[in-house]
Amino acid sequence: TGWACQWYIDRFEDGLEDPENCKLFFFDDAGPPWARKAPATQGRWNRWNVRAKEWEPLDKNPPKPSGLYAGIGATKLSSRAESAIRGLYPEISAPSADVAKDGAGLRAAAGAAASYGAVEPAPGMQ
């Protein structure tokens, strides 16, 4: 997860691309016990600020992903993160018990969207 997000961020470093076009959003689900914690970003959506090189907490949901984008996430997802991701995809209903007895249906899809960025070919790569 971290490497994929960093590769995306790197596209906007050192003037390679306009930093205003960096659309990387992250729901801070606190991570494992050993992970660094940032109280300002925990339990909410955040956006990467290229110039400040830090996550900025958002007051509302990020824009719903559209077009070509990458949804990246962890293997485990809290109910808080699942709710946040459901907020981006209200048209997705909960999986039925027949489809996923452990509730993994949306969790798998939602886990993949715990952070996402608009993915467009880098200049010269089209």
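Residues numbered from 1 in each chain as written. Predicted model: local features only at pLDDT ≥ 70, side-chain atom pairs only at ≥ 80, totals over all residues. Heavy atoms only, no water.

Here we take up the nonpolar core. Of all hydrophobic cores here, the largest spans 9 residues; its members are Phe-25, Phe-27, Trp-45, Leu-77, Ala-81, Ala-84, Ile-85, Leu-88 and Tyr-89. Only β1 (24–27) and α2 (79–88) provide two or more residues apiece to this core. Broken down by element, the residue count for this core peaks at 4 residues, all from α2. Core analysis: the second largest hydrophobic core is formed by 8 residues, Ile-9, Leu-24, Trp-48 and Val-50 among them. (Core = buried A, V, L, I, M, F, W, Y, C linked by side-chain atoms within 4.5 Å. Buried < 20%, exposed > 50% of the residue type's maximum accessible area, 1.4 Å probe, protein only. Helix = DSSP H or I, 4+ residues; strand = E, 2+ residues; numbered from the N terminus.)

The subject of this paragraph is the packing of aromatic side chains. The full count for this structure, using the stated rule, is 5 aromatic pairs. The interplanar angle of 70° and the centroid separation of 5.6 Å between the aromatic rings of Phe-27 and Trp-45 together place this pair among those described as edge-to-face. With Phe-27 in strand β1 and Trp-45 in strand β2 (residues 45–49), this pair connects stretches of sequence that are 18 residues apart. Residue Phe-27 shares its accessibility class with Trp-45, and that shared class is buried. Joined through ring pairs, the aromatic side chains of Phe-26, Trp-48 and Trp-55 make up one cluster. (Phe/Tyr/Trp six-rings, centres within 6.5 Å; stacked < 30°, edge-to-face > 60°.)

With that settled, the discussion passes to helix α1 (residues 2–10). Buried residues of α1: Cys-5, Tyr-8 and Ile-9, and no others. Buried residues of α1 fall within an arc of 100° about the axis and therefore sit on the same side. Turned more than 90 degrees off the buried face of α1, the exposed positions are Trp-3 and Trp-7. (Arc of directions from axis to C-beta.)

This part is about unusual backbone geometry. Phi is positive for Asp-14, which is not a glycine, with a value near 55°. Along the polypeptide, Asp-14 turns up in the loop between α1 and β1. A relative accessible area of 77% means that Asp-14 is categorised as exposed. For Lys-53, which is not a glycine, the phi torsion comes out positive at approximately 55°. With respect to the element layout, Lys-53 can be found in the loop between β2 and β3 (54–57).

So, about the confidence of the model for the chain. When pLDDT is averaged along the chain, the result is 76, and 73% of the positions lie at 70 or above. Confidence drops under pLDDT 50 across residues 96–113; counting only partners more than four residues distant or on other chains, this segment forms 27 contacts. (pLDDT = per-residue confidence, 0-100. Contact = heavy atoms within 4.5 Å.)

It is a general feature of regular strands that their side chains alternate between the two faces of the sheet. With 4 of 5 residues buried, β2 is to be regarded as a mostly interior element. As judged from the 3 bridges shared by β1 and β2, these two strands associate in the antiparallel manner. In the strand pairing of β2, Phe-26 is matched with Asn-46. In this structure, β2 lies alongside β3, joined through 4 bridges in antiparallel fashion. Bridge pairing in β3 links Asn-46 to Pro-57. From the end of β2 to the start of β3, which pair antiparallel, there are 4 residues, and Lys-53 there has a positive phi angle of about 55°. (Pairing = 2+ DSSP bridges.)

This part is about the pattern of salt bridges. Per the counting criterion, the structure on display carries 6 salt bridges. Salt-bridge contacts for Glu-20 lead to Arg-51; the nearest nitrogen and oxygen are separated by 2.5 Å. In this pair, Glu-20 is assigned in the loop between α1 and β1 and Arg-51 in the loop between β2 and β3, connecting sequence segments 31 residues apart. Classification of Arg-51 as exposed rests on a relative accessible area of 57%. In this structure, Arg-86 engages Glu-82 in a salt bridge whose closest nitrogen and oxygen atoms are separated by 3.1 Å. Remark: Glu-82 and Arg-86 occur in helix α2; sequence separation between them is 4 residues, near one turn of the helix. Residue Arg-86 is classed as partly exposed on the basis of its relative accessible area of 24%. Assessed through its relative accessible area of 12%, Glu-82 is described here as buried. (Salt bridge = Lys/Arg side-chain N within 4 Å of Asp/Glu carboxyl O.)

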